[in-house]
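Given next are the chains, with one letter for each unit.
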Amino acid sequence: MSLQRRFILFLVVFLLSFPCYYSLPGKPNFNIVSKKIDKVGRSLASVKTVNVNHYGAKGDGSDATKAFRKAWKTACSSRGSVLVVPKNKNYLLKPITFEGPCKSSITVQIHGTVRASVDRSAYRNDMTRWLVFENVHNLAVKGGGTINGNGKIWWENSCKVNDSLPCKDAPTALTFYNCKNLVVKNLKIKNAQKMHVSFEKCVGVQALGLKITAPEDSPNTDGIHVTGTQNIWISSSVIGTGDDCISIVNGSRKVLATGITCGPGHGISIGSLGSGNSEAHVSDITVNVATLSGTTNGVRIKTWQGGSGSASNIKFQNIKMHNVDNPIIIDQKYCDQDEPCKSQSQAVQVKNVLYQNIKGTSSSNEAIKLVCSDKFPCREIVFQGIDIQVGGKAAAKAVCNSNNAKVTEKGDVSPSCTT
């Protein structure tokens, strides 16, 4: 048999046996394999690096808005591009939207510092947003750099600081709107004008290794805000601001927050929901492994009277509290306005909530407080392995009305809602 015929015979036998290999037990994980192939492919393919300095940015604190806009246009229209904000440089930006869709996946490497313009007139076209990534799929924003909202001028003009001033909007520092397959990783975000990071109508999000900071008295400076977003994982992040460390509101589901350090601030909140008699839905929310220190609330669900919808399938697990006001609270009569809120029977239904392995100290006598609706009572509330004391010494109290809060306790629960 000739060498050529032998080779052909060998090739036929190999190809016929190849599918059998993948039918055996323990076949390879195609997701892992495809990721490895994709990674190798990217490393072999030419990656277009787009440096903002090459488009006119000086990095000396001067206005770089036009340069960033030009750099984004190039990166977004290229295949496999990386937009680079160099280290040890300082860039001032006015409001800017990085808009997609882009030609392919795109990475933004922020190594330096990006600062917001303090000229409030620069925001006259949109007072609600500073940096925006909109309609971008397969996006990664990372690099270890700093995003500074320069929020002081906005805080000083807030009606929550000076009640003689009219209440006006202020910008969210970093907004991701309608993005899919998004990674936000290893960034320092500080002193936002209002909220620090907002994920709006996004799908498939990883937010990892973020450090978010603002003064304790800075108004409405939520750390991470999640609205209308599905399948989001927030992990290994340190958040200390003047409002909620994490706030999860209407339209959000399948949210996992793990490895969170929170404080100062208002704790980790679901809501508020149902304001203005609106309908709201959140579901499948898990907060697992968190430490809260010196916050004005611990883990909180807050809904307005008159709203409708539901907050359901919620888990708060493995949480440590240190000198926290209101460590565990459900408030279906939430009211955040100067005038007393009108009493209404309609309410957002709160149901199927698990509090498990929550321990530590409360700065208030009431460690557990359930303020639930008469007509739409809190249902299927489960406490398991709870141990919260006042200052680590005195016994704390639980305020729970058995008529409008249906509670089950498992194992040791202190303080108890059922005794």
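Just above, that's the structure.
Residues numbered from 1 in each chain as written. Predicted model: local features only at pLDDT ≥ 70, side-chain atom pairs only at ≥ 80, totals over all residues. Heavy atoms only, no water.

Comments concerning the overall build of the protein chain
Assigned secondary structure in the protein chain consists of four helices and 31 strands. For the protein chain, the proportion of its 419 residues judged to be buried stands at 46%. A separation of at least 24 residues holds for 76% of the contacts in the protein chain among residues at least 6 apart in sequence. Put simply, the protein chain shows about 20,400 Å² of open surface, and 50% of that area lies on carbon and sulfur atoms. (Helix = DSSP H or I, 4+ residues; strand = E, 2+ residues; numbered from the N terminus. Buried < 20%, exposed > 50% of the residue type's maximum accessible area, 1.4 Å probe, protein only. Contact = heavy atoms within 4.5 Å. Areas by Shrake-Rupley, 256 points an atom, 1.4 Å probe, with all protein chains shown as cover.)

Quick notes on the side chain of H225
With respect to the helices and strands, H225 occurs in strand β17 (residues 224-227). Looking at H225, its side chain comes within polar contact range of the side chain of S247, at 2.7 Å. Filtering out sequence-adjacent residues up to four positions away, H225 remains in contact with M195, V197, S198, F199, S247 and V249. (Polar contact = N/O pair within 3.5 Å; in protein donor to acceptor, adjacent residues only side chain to side chain.)

Here's the deal with the sheet that holds β17
Reading across from one edge, β5-β8-β11-β14-β17-β19-β21-β23-β25-β27-β30 is the order of the 11 strands in this open sheet, with parallel pairing throughout. The sheet is open, and its two edges are formed by β5 (96-99) and β30 (397-400), each paired on a single side. Recorded for the sheet is a direction-independent mean angle of 15 degrees between the axes of neighbouring strands. Pairing of strand β11 (residues 172-177) with strand β14 (residues 197-200), which is carried by four bridges, proceeds in the parallel orientation. Residue pairing in the sheet places T175 in a bridge with S198 of β14. The strands touched by helix α3 (residues 65-76) are β5 and β8 (129-134); relative to β5, the strand with the most contacts, the crossing angle is about 5 degrees. (Pairing = 2+ DSSP bridges. Axes fitted to C-alpha atoms, helices over the stretch in contact; angles between N-to-C directions.)

Observations concerning the pairing of β17
Pairing of β14 with β17 involves four bridges; the strand directions are parallel. Opposite F199, over in β17, you have V226 as the bridge partner. With three bridges joining them, β17 and strand β19 (residues 246-248) adopt parallel strand pairing. In the sheet register, H225 faces β19, and the bridge partner there is S247.

Points about the state of the cysteines
The bond known as a disulfide is covalent and runs between the sulfur atoms of two cysteines. Tallied over the entire structure, the rule returns six disulfides. Two residues share a disulfide in this structure: C76 and C102, whose sulfurs sit 2.1 Å from each other. An S-S torsion of about -105 degrees defines the bridge between C76 and C102 as left-handed. Of this pair, C76 sits in helix α3 while C102 is found in the loop between β5 and β6 (106-110), placing the two residues 26 residues apart along the sequence. Overall, the relative accessible area of 18% leaves C102 in the buried class. Between C400 and C417 runs a disulfide, and the two sulfur atoms are separated by 1.8 Å. In this structure, the disulfide formed by C400 and C417 twists by about -45 degrees around the S-S bond and is classed as left-handed. Taken together, the positions of C400 in strand β30 and C417 in the segment after β31 (405-414) put the pair 17 residues apart, joining distant regions of the chain. Assigned by exposure class, C400 and C417 land together as buried. Taken N- to C-terminal, the disulfide-bonded cysteines of the protein chain are connected 1-2, 3-4, 5-6, 7-8, 9-10, 11-12. (Disulfide = S-S within 2.5 Å.)

A short note on the packing of aromatic side chains
One pass over the full model with this rule turns up 10 aromatic pairs. Summarising the aromatic geometry, the rings of W72 and F98 are spaced 5.4 Å apart at their centres and angled 65 degrees between planes, so their arrangement reads as edge-to-face. Of the two residues, W72 is situated in helix α3 and F98 in strand β5; the sequence distance between them amounts to 26 residues. Of the two residues examined, W72 and F98, each falls in the buried class. Taken together, a centroid distance of 5.8 Å and an interplanar angle of 75 degrees make the contact between W72 and F133 edge-to-face. (Phe/Tyr/Trp six-rings, centres within 6.5 Å; stacked < 30°, edge-to-face > 60°.)

Some remarks on the side chain of D331
By secondary structure assignment, the location of D331 is in strand β25 (residues 328-334). If we skip the residues at most four places from it in the chain, D331 touches I301, K302, T303 and V371.

Some words on the nonpolar core
Counting 101 residues, the largest nonpolar core has F176, F316, Y355 and F383 as the members making the most contacts within it. Setting aside chain neighbours within four positions, we find F176 in contact with F133, L139, V141, L182, V184, V197, S198, F199, E200 and C202. (Core = buried A, V, L, I, M, F, W, Y, C linked by side-chain atoms within 4.5 Å.)

Quick look at the environment of N318
The topology assignment puts N318 in strand β24 (residues 308-324). C-alpha separation for the pair N318 and A290, spaced 28 residues apart in sequence, amounts to 6.8 Å. Here N318 is in contact with N288, V289, A290, Q356 and N357, once residues within four sequence places are set aside. Of note is the side chain of N318, whose polar atom sits 2.8 Å from the side chain of N288.

Remarks on unusual backbone geometry
Going from G263 to P264, the amide bond is cis rather than trans, its omega being 0 degrees. By secondary structure assignment, the location of P264 is in the loop between β20 (253-262) and β21 (268-273). Here the bond from G271 into S272 is cis, since omega is 15 degrees, no more than 30 degrees from zero. The residue S272 is located in strand β21 in this model. Here the phi dihedral of N138 falls at roughly 55 degrees; this positive angle occurs in a residue that is not glycine. For N138, the location among the structural elements is in strand β9 (residues 137-142).

A closer look at the pattern of salt bridges
Tallying each qualifying case throughout the model produces eight salt bridges. The salt bridge involving E380 is made with R379; its shortest N-O contact spans 3.5 Å. In this structure, a network of salt bridges that share partners links the residues D126, R129 and E134. (Salt bridge = Lys/Arg side-chain N within 4 Å of Asp/Glu carboxyl O.)

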